[in-house]
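Descriptive analysis of the structure
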Amino acid sequence: MLMINTLAGLLILTSLAVIAAKTAKKSSALYAVQSLVLVALFVFLAQELNAHELYMWSVSAFVTKVLLVPAILIFAVRKLDESTVPASMNAAWLIPIATAIVVVCYMATNAVQLPLAEHLKPALSVSLSHFLLGLTCIVTQRNMMKQVFGYCLMENGSHLTLALLANKAPELVEIGIATDAIFAVMIMAVLVNKIYRTLHTLDAKQLTELRG
Amino acid sequence: MEWINALLAVPFIVGVAFFFLTHMKTASFSTALHVTGLGLMLICSLNVVAAVLENGRIETWNHWIYVDSLSAVFVGLIGIVGTLAGVYSIGYMNTELKEGHIDYRSYVYYHAFLHLFFGSMLVAVTTNNVILMWVAIELTTLTSAFLVGIYGHRTSLEAAWKYIIICSVGVAFGLYGTILTFSNANAVLHDSSQAIFWSVINGQAANLNPHLMYLAFAFIVVGFGTKCGLFPMHTWLPDAHSEAPSPASAVLSAVLLNCAMLIVLRYFILTAKAVGFDYPQALLLVFGLLSTGVSSFFIIMQHDIKRKLAYHSIENMGLISFAFGLGGPIGMFAGLLHTITHSLAKALLFCASGNILLKYRSRDIYYVSGMWKVMPWTAVLFAGGALALGGVPPFGMFVSEFAIVVAGITAGKTWWVIFCLIFLTIALSGLTIMLLKTVLGKPTEGVEAGEGSRLSVAVIALYLLLLFAIGIYIADPLSQLLQNSVGIILGQDNVSFGDMLLLPWQTLQ
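All of these numbers come straight from a predicted model, not from anything done at the bench. (Residues numbered from 1 in each chain as written. Chains lettered and ligands numbered in written order. Predicted model: local features only at pLDDT ≥ 70, side-chain atom pairs only at ≥ 80, totals over all residues.)

1. Topic: the overall build of chain A
Note the cut-off: Runs of H or I in DSSP of at least four residues are treated as helices and runs of E of at least two as strands, each being numbered from the N terminus. In this description the radius of gyration comes from C-alpha coordinates, and the expected globular size is given by 2.2 Å times residues to the power 0.38.
Across its full length, chain A carries 7 helices and 0 strands. Counted from the first residue to the last, chain A has its helices and strands arranged as α-α-α-α-α-α-α. Against the compact-globule benchmark of 17 Å for 212 residues, chain A has a radius of gyration of 17 Å, which places it among compact chains. With respect to the principal axes defined by its C-alpha atoms, chain A has extents near 50 × 35 × 35 Å.

Put into structure tokens, the structure is as follows:
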């Protein structure tokens, strides 16, 4: 039990590190670390919930999220020069934002009656916070590559929610969601590279031709 | 039964096959494969619809696929409107290739992704598995993002980026709604292998926890509403629809938005059974009227033809949502009918705007002028389509908008309807300005007179003919499908429309 909540807490810390990291390469490595935490969480949840499906999930999550997605991301950024992107919001502001998100999510999940054991609610609130932290990353970061990481964080958050509330769903469903996520990251990475080759920038604020 | 298997397999097989054509030197193989794929898709979808009409529904693949009358309406739309847009795309894309606006590689990829896009939409509307529904909708974003950014210009890449980010984030909210519904159903049914199926959840929907369904439906409307283009999550839509090649814009606007609306409807049905009709209807009513209202002002201000049409899609998706929000058998019927008529009209106009774009190389209504002399056929069809879109009789959209007004009066929401009609009038004036500037006036200097390809004109004419046919008389198979669908939405076997005059010149059996 303690393990699950500790790992859930670690998930928030690693996602803050992914957002705050200076380069996309570092973010990729940190994302791999975070996914490893997620995989461990799946294993402990499988024991706790007596859900054998989650063992399978942990294996597929290891392959896709610890190995494949970070590899794609590192490969995608090898030709990108990120130094041209002006600094986004000061990373220090992440501290109050993350705190507010965690508190609000904790209150929200406590207020709702869910088909889930009471002691797992903190983990659920973490999964929701994680999702919103990913959204924060997309909204606050100017670096387009960082926005892709924001999407990945959201995806990890919803994956944990899925593991908590829908762990009995057929395996094929989980594979579908994981495949979707990989294709999404691949297509986003290709698009970022195309934009970089055409516009010579990774700054999302430069994309302002279309208005009204 | 076999038709449904073929319908779901063909677009994916054809789509993947295109990736093997990248080394070919001529476009003829691509065109041949494209035509084959379209033909098969049309035949299969029509047969699936026919089977549903005959047997009531199709359930196969261990319940994973479930096509009832409601799905069949959307399968038919993808099959007919999608295929016609695909046929239009042959001439359009070949011209773009010939004139060097895209390279051969992009040309092949365009076709590959177009068919994969069709496939993902077909899965979205036919699957019974609620999580697969979400997966398929997300897949539609991924497959169509390339279509939006295909030209590789600064603006099209920007549009593609906004599209993929906003829709992925939006649809992720939809996943939360899906998970909440599934775990809720699982707690009721105690059988996870069944709780994943929409049809099973629907059977037990009255026992679902109402508090969770309130929450789940809010997530669903925000999530899939993003994909429908409802205000305020609509910001990706004008960019994506205006930057994509015109046939792709037609598919995005006329087919994709409807698929997302079907998913919202599926959850509407579950939520209405769990918490009553008031809450889901109120949500759709407010989002619908806001979308219609806000977009009508944008329509007036726009001077880019395709952006004007894109805002029109937001307006009409709002109107459809508004009709469902009014509720009752008439509101549901009107909403579904409007889905069909809007789809035809919007596909028509985007294809016609493609002909304009190929001729004038501009989308600016201050530049495009004198179409009646430059390309008379396209001009007449474009004008007919725009008037049809504005709700002018005798075309289909007049009939569906008439039904929406009747639904509003029946529901006792006359003031809401009056507001809605004011917005529609504003939108119509926006379309009229476009027509006056582009169709009439002196031909733009330096533009040679000459009609678009015969095939493209034929496709546009066919769209107008279909709109006209629906405007005059709703054929029995269609009316039967729509009435069965209303029964599914309201959870009643026999739907009675009462004594109100639902359609201007036809009474329903």
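There's more to say after this.
2. Section: the overall build of chain B
What counts here: Burial is judged by counting other C-beta atoms within 10 Å of a residue's own C-beta: 20 or more means buried, 12 or fewer means exposed, and anything between counts as partly exposed, with every C-beta placed from the backbone. We call two residues in contact when the distance between their C-beta atoms, placed using the backbone, is within 7 Å.
What chain B contains, in helices and strands, is 20 helices and 2 strands. Taken over the C-alpha trace, chain B has a radius of gyration of 22 Å; the compact-globule value for 509 residues is 23 Å, and the two agree within 12%. With the principal axes as the frame, chain B shows a C-alpha extent of 70 × 55 × 40 Å. For chain B, with 509 residues in total, the buried portion stands at 63%. Once local pairs closer than 6 in sequence are excluded, the contacts in chain B between residues at least 24 apart make up 81%.

3. What to know about the nonpolar core
What counts, and what does not: A set of buried Ala, Val, Leu, Ile, Met, Phe, Trp, Tyr and Cys residues, joined through C-beta atoms within 7 Å, is what we mean by a nonpolar core.
In this structure, Val264, Ala347 and Ala403 of chain B are the most contacted members of the largest nonpolar core, which totals 271 residues. Contacts of Ala347 of chain B, omitting those with residues within four sequence positions, involve Val81, Leu84, Ala85, Ala250, Ala254 and Tyr463 of chain B.

4. Points about the interface of chain A and chain B
Interfaces are often sized by the amount of accessible area the parts lose when they come together. Let me state the cut-off plainly: Gly counts as polar in this scheme, as do all residues outside two lists: the nonpolar Ala, Val, Leu, Ile, Met, Phe, Trp, Tyr, Cys and Pro, and the charged Asp, Glu, Lys and Arg.
Tallying the contact residues gives 33 residues for chain A and 38 residues for chain B. Elements that contribute at least two residues to the side of chain A that touches chain B include exactly α5 (121-140), α6 (144-165) and α7 (171-199) of chain A. It is α7 of chain A that provides the largest number of residues to the side of chain A that touches chain B, a total of 13 residues. Along the lines of polarity and charge, the residues of the side of chain A that touches chain B split into 22 nonpolar, 7 polar and 4 charged.

5. Concerning the environment of Leu482 of chain B
Residues and elements named next belong to chain B. Summarising the element assignment, Leu482 is placed in helix α20 (residues 476-490). Residue Leu482 is classed as buried on the basis of its 23 C-beta neighbours within 10 Å. In this structure the C-alpha to C-alpha distance between Leu482 and His111, which are 371 residues apart in sequence, comes to 32 Å. Other than its neighbours up to four places away in sequence, Leu482 contacts Val73, Phe333, Leu336 and Leu337.

6. With respect to the confidence of the model for chain B
For clarity, the threshold we go by: Summary of the metric used: pLDDT quantifies the predictor's per-residue confidence within the range 0 to 100.
When pLDDT is averaged across chain B, the result is 92; 99% of the residues are at 70 or more. The ipTM value of the predicted complex is 0.93, and its pTM value is 0.95.

7. Observations regarding the environment of Trp416 of chain B
Residues and elements named next belong to chain B. Checked against the element boundaries, Trp416 lands in helix α18 (residues 414-438). A C-alpha to C-alpha distance of 50 Å links Trp416 and Ala17, two positions 399 residues apart in sequence. Those residues in contact with Trp416 that sit more than four places away from it in its chain are Leu289 and Gly408.

8. A word on the UniProt feature "transmembrane region" (unreviewed entry) in chain A
All names here are of chain A. Here is the rule we go by: UniProt positions are given in the numbering used here, feature names are shortened, and annotations may be inferred rather than shown by experiment.
When the UniProt feature table is mapped onto this chain numbering, "transmembrane region" (unreviewed entry) sits at residues 30-47, 54-77, 89-108 and 120-141. Secondary structure across residues 54-77 comprises 96% helix and 0% strand; the distance between its end C-alpha atoms is 32 Å. As annotated, residues 89-108 has a helix share of 75% and a strand share of 0%, and its two end C-alpha atoms lie 27 Å apart.

9. Quick word on unusual backbone geometry
Pro232 of chain B follows Phe231 of chain B through a cis peptide bond whose omega is 0°. By secondary structure assignment, the location of Pro232 of chain B is in the loop between α9 (210-228) and α10 (236-243). The omega torsion across Pro393 of chain B and Pro394 of chain B is 5°, close enough to zero to call that bond cis. You can see Pro394 of chain B is positioned in the loop between α16 (376-389) and α17 (396-410). The phi dihedral of Asn50 of chain A is positive, around 55°, even though this residue is not glycine. Mapped onto the elements of the fold, Asn50 of chain A is located in the loop between α2 (24-49) and α3 (53-76). Positive phi is not limited to glycine here, since Asn62 of chain B has a value of about 55°. Looking at the secondary structure, you find Asn62 of chain B in the loop between β1 (58-60) and β2 (65-67).

10. Examining the environment of Asn50 of chain A
The class of Asn50 of chain A is exposed, set by 9 C-beta atoms lying within 10 Å. On a C-alpha basis, the gap between Asn50 of chain A and Trp93 of chain A in space is 40 Å, while along the polypeptide they are 43 residues apart.

11. Quick notes on the packing of helix α6 (residues 154-189) of chain B against α9 of chain B
All names here are of chain B. Using the following cut-off: In this analysis, axes come from line fits to C-alpha atoms, helices being fitted only over the stretch in contact, and the angle between any two N-to-C directions falls in the range 0 to 180 degrees. What sets the label is the angle itself: under 35 degrees gives roughly parallel, over 145 gives roughly antiparallel, 65 to 115 gives roughly perpendicular, and the rest give oblique. For a crossing to be left-handed, the near helix must be turned anticlockwise from the far one by less than a right angle; the clockwise case is right-handed.
Contact geometry for α6 and α9: axes closest at 7 Å, N-to-C directions at 155°. As the angle between them shows, α6 and α9 are arranged roughly antiparallel. Both α6 and α9 take part in a crossing whose hand is left-handed. When α6 is examined against α9, the residues Ile166, Cys167, Gly170, Val171, Phe173, Gly174, Tyr176, Gly177, Leu180, Thr181 and Asn184 are found in contact with a partner set consisting of Leu212, Met213, Leu215, Ala216, Phe217, Phe219, Ile220, Val222, Gly223, Phe224, Thr226 and Lys227. Of the residues belonging to the contact of α6 with α9, the class tally is 15 nonpolar, 7 polar and 1 charged.

12. Focus: the packing of α16 of chain B against α18 of chain B
Residues and elements named next belong to chain B. One can describe the packing of α16 onto α18 by two numbers: an axis separation of 9 Å at closest approach and a directional angle of 170°. With respect to α18, the element α16 is oriented roughly antiparallel. Residues Ala383, Ala386 and Leu389 of α16 form the contact with α18, whose own contacting residues are Leu431, Met434 and Leu435.

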